[in-house]
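Survey of secondary and tertiary structure
Chain residues, written in single-letter form:
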Amino acid sequence: MNITHIEHIGIAVKNLEESIKFYETVLGLKCYAIEEVTDQKVKTAFFQVGQTKIELLESTDSEGPIGKFIEKKGEGIHHLAFAVKNLQSALNHAKANDIKLIDEKPRRGAERLNIAFLHPKSTNGVLTEFCSKSE
Ligand code: ZN
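Here is what the cut-offs are and how they apply
- Residues numbered from 1 in each chain as written.
- Predicted model: local features only at pLDDT ≥ 70, side-chain atom pairs only at ≥ 80, totals over all residues.
- Heavy atoms only, no water.
- Buried < 20%, exposed > 50% of the residue type's maximum accessible area, 1.4 Å probe, protein only.
- Helix = DSSP H or I, 4+ residues; strand = E, 2+ residues; numbered from the N terminus.
- Arc of directions from axis to C-beta.
- Contact = heavy atoms within 4.5 Å.
- Phe/Tyr/Trp six-rings, centres within 6.5 Å; stacked < 30°, edge-to-face > 60°.

1. Structural notes on helix H2 (residues 65-73)
- Residues of H2 that are buried include every one of Ile66, Gly67, Phe69 and Ile70, and no others. Taken down its axis, H2 places every buried residue within 165° of arc, on the same side. The exposed residues of H2 that point more than 90 degrees off its buried face are Glu71 and Lys72.
- Looking at the packing, one finds that the buried side of H2 touches strand S1 (3-13), strand S3 (42-49), strand S4 (52-59) and strand S5 (76-84).

See below:
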């Protein structure tokens, strides 16, 4: 599988600006990028913590995945993302082990990463993401 580290932790928030304040003022982290990912109907804010990032996700559309998540479960941890060396082979490996995939093929995520999600029903309720740097 070749997981190198936890790339990021995705946190669903109602209001990006309000949530950034906690990370900056209380935790003393610096938001280094805000990016809209239209494909996923989210606006994201990033903080670096060692090798790992915190990715805040605000929905730009109540019908999008984060909008639906917040409606169902409220704000909170949304997904866990592992950095892998070879994304397609990691997906193939998961599939071969009967893990249900949301994405059969890598797609483009924030920060120019290639990403793919595993279905939380196969992963103890944790929406799991693999990502790798695109060439
Ligand atoms: Zn993510």
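2. Here's the deal with the packing of aromatic side chains
- Under the definition given, this model contains 3 aromatic pairs.
- Their ring planes at 35° and their centres at 6.1 Å tell us that tyrosine 32 and phenylalanine 46 sit as a pair that is tilted. Taken as a pair, tyrosine 32 in strand S2 (residues 31-37) and phenylalanine 46 in strand S3 lie far apart in primary sequence, 14 residues in all.
- Accessibility expressed as a relative area gives 38% for tyrosine 32, which makes it partly exposed.
- What makes phenylalanine 46 buried here is its relative accessible area of 2%.
- Feature note: the residues Phe22, Tyr23 and Phe47 constitute an aromatic cluster, connected by ring pairs.

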